[in-house]
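Per-entry structural report
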Amino acid sequence: MALRPVQVNIKALDAPTVGRFWAEALGWSAYSPGVTTYVGPAGGPVWPDPVAVCIDVVPVPEPKTTTKNRVHLDLATTSAAHQTELVARLKALGATPAHVGQGDVPWTVLADPEGNEFCVLEPRETYRDTGPIAAVVVDCVDPRAMARFWSEAIDWTLHEVTDDHAVLRSAKGVGPYLEFLRTPDVKTVPDRVHLDLLPYPGDDKAAEVARLRALGATDLDVGQGDVPWTCLTDPEGHEFCVCALS
């Protein structure tokens, strides 16, 4: 029994606009099968995608606060020229420079049209085969504790764990990394960005949710009502959802 991350959930006032931004940013396509805007590789919507961790933009009535998101995306580049070109193109699409205390670093920090921070990385060999999303990055207090929980919660392989950093990736060696970075700040507002997990065919969702609770997850009520997914938080309070196979 295990779960797999299948999409990054982003809340937005204007989901179609934010969805179009991310589709253009990643070279993917935006689809609106219902109230959400799904962003995935071109060629038609596939859910779950067998390689990519896609994006689902969900409309909400509240704007993002000025507090920095504790979950963000890192985008991969293949050369210095590609990084420069991508940053310029993203700004033309509506991204703006963001200052999160990064100082003088080789990557560029931007925010999408609704203020969700993300990074355009300098070329790194580690991310040469991830696709456009290099990593989903989570700020945390204790990377080792996060590694213990998430390496049991999902079927991804733990590649590295230190006091400052923990790294997981699909055991198939495809798609982005999931990274936990130690930061001095603590969570104070609900996450604007979170992961959605999915059981494998034949696995029991209720049993998976019970397993997560035993690992330290906590039930979360965000007013979702009677829905087919289950809202939880990890041991540091990061929200995530366990979806149901359709």
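Nothing here was measured: the structure is a model prediction, and the numbers come from that model.

Moving on, we come to the packing of helix α3 (residues 143–153) against helix α4 (residues 205–215). Packing of α3 against α4 leaves a shortest axis separation of 10 Å and a crossing angle of 165°. In terms of their interaxial angle, α3 and α4 are classed as roughly antiparallel. Crossing of α3 against α4: the hand is right-handed. Contact residues: α3 offers Phe149, Glu152 and Ala153, while α4 offers Arg211, Leu212 and Leu215. In terms of residue class, the contact of α3 with α4 is made up of four nonpolar, no polar and two charged.

The amide bond that connects tryptophan 47 to the next residue, proline 48, takes the cis arrangement and shows omega of -5°. Its location among the elements puts proline 48 in the loop between β3 (37–40) and β4 (54–59).

We now examine α4. Listed as buried for α4 are Glu208, Val209 and Leu212. Buried positions in α4, seen along its axis, are confined to an arc of 100° and lie on one side of it. The exposed residues of α4 that point more than 90 degrees off its buried face are Ala206 and Ala214. In this structure, the buried side of α4 is in contact with β1 (3–12), α3, β15 (230–233) and β16 (239–242). The opening residue of α4, the one whose side-chain oxygen lies 3.2 Å from the backbone nitrogen of alanine 206, is aspartate 204. Looking one or two residues past α4, glycine 216 carries a phi angle of roughly 125°, positive in sign.

As a further point, take the packing of aromatic side chains. Counted according to the given criterion, the structure contains eight aromatic pairs. Consider the rings of tyrosine 127 and tyrosine 177, whose centres lie 5.7 Å apart with planes at 70°: the pair is edge-to-face. Here tyrosine 177 lies in strand β12 (residues 177–182) and tyrosine 127 lies in the loop between β8 (117–120) and β9 (133–140), a separation of 50 residues in the sequence. Relative accessible area serves as the criterion here: at 9%, tyrosine 127 is assigned to the buried category. Members of the aromatic cluster, connected to one another through ring pairs, are Phe149, Trp150, Phe180 and Phe240. Taking NZ or CZ as reference, arginine 4 lies 4.3 Å from the ring centre of tyrosine 200, over its face.

Time to look at the sheet that holds β4. Sheets are built from strands paired through backbone hydrogen bonds, the pairs being either parallel or antiparallel. The strand order across the open sheet formed by eight strands is β2-β3-β4-β1-β13-β16-β15-β14, and the pairing between neighbours is mixed. Looking along the sheet, the strands with just one partner apiece sit at the ends: β2 (29–31) and β14 (218–219). In this structure, β3 lies alongside β4, joined through three bridges in antiparallel fashion. Paired with tyrosine 38 across the strands is aspartate 56, a residue of β4. Most of the contacts of helix α1 (residues 15–26) go to β4, to which it runs at about 165°, and overall it touches β1, β2, β3 and β4.

Conventions used here
Every residue gets a number counted from 1 within its own chain, in the order that chain's sequence is written. Note on the predicted model: pLDDT of at least 70 is required for a residue's local features to be given, and 80 or more for side-chain atom pairs to be given and counted; whole-chain, interface and lining totals, by contrast, use all residues. As a rule here, side-chain values cover all heavy atoms of the structure and leave hydrogens and water aside. Here an angle of 0 to 180 degrees is reported between the N-to-C directions of two axes, which are lines fitted to C-alpha atoms, with helices fitted over the stretch in contact. Comment: elements are numbered from the N terminus, with helices defined as DSSP H or I runs of at least four residues and strands as E runs of at least two. The cut-offs work like this: below 35 degrees is roughly parallel, past 145 is roughly antiparallel, 65 to 115 is roughly perpendicular, and the gaps in between are oblique. Helix crossings get a hand from a simple test, with the near helix turned counterclockwise from the far one by less than a right angle marking a left-handed crossing and a clockwise turn marking a right-handed one. Working rule for contacts: check all heavy atoms of both residues, and any pair within 4.5 Å makes them a contact. Polar here means any residue other than Ala, Val, Leu, Ile, Met, Phe, Trp, Tyr, Cys and Pro, which are nonpolar, and Asp, Glu, Lys and Arg, which are charged; Gly is therefore polar. Per-residue accessibility, obtained with a 1.4 Å probe over protein chains only, is compared with the maximum for each type, and a residue is labelled buried under 20%, exposed over 50%, and partly exposed between these values. By definition, the arc is the one covered by directions from the helix axis to the C-beta atoms. Any pair of nitrogen or oxygen atoms within 3.5 Å is treated as a polar contact; in protein, a donor-acceptor pairing is required on top of that, and neighbouring residues in sequence qualify only through side-chain atoms on both sides. Two rings from Phe, Tyr or Trp (for Trp, the six-membered ring) form a pair when their centres are within 6.5 Å of each other. A pair whose planes differ by under 30 degrees is stacked, one over 60 is edge-to-face, and the rest are tilted. A ring is considered to have a charge above it if a Lys NZ or an Arg CZ atom is located within 6 Å of its centre and within 35 degrees of its normal. Here, a strand pair is defined by DSSP locating no fewer than two bridges between the strands.

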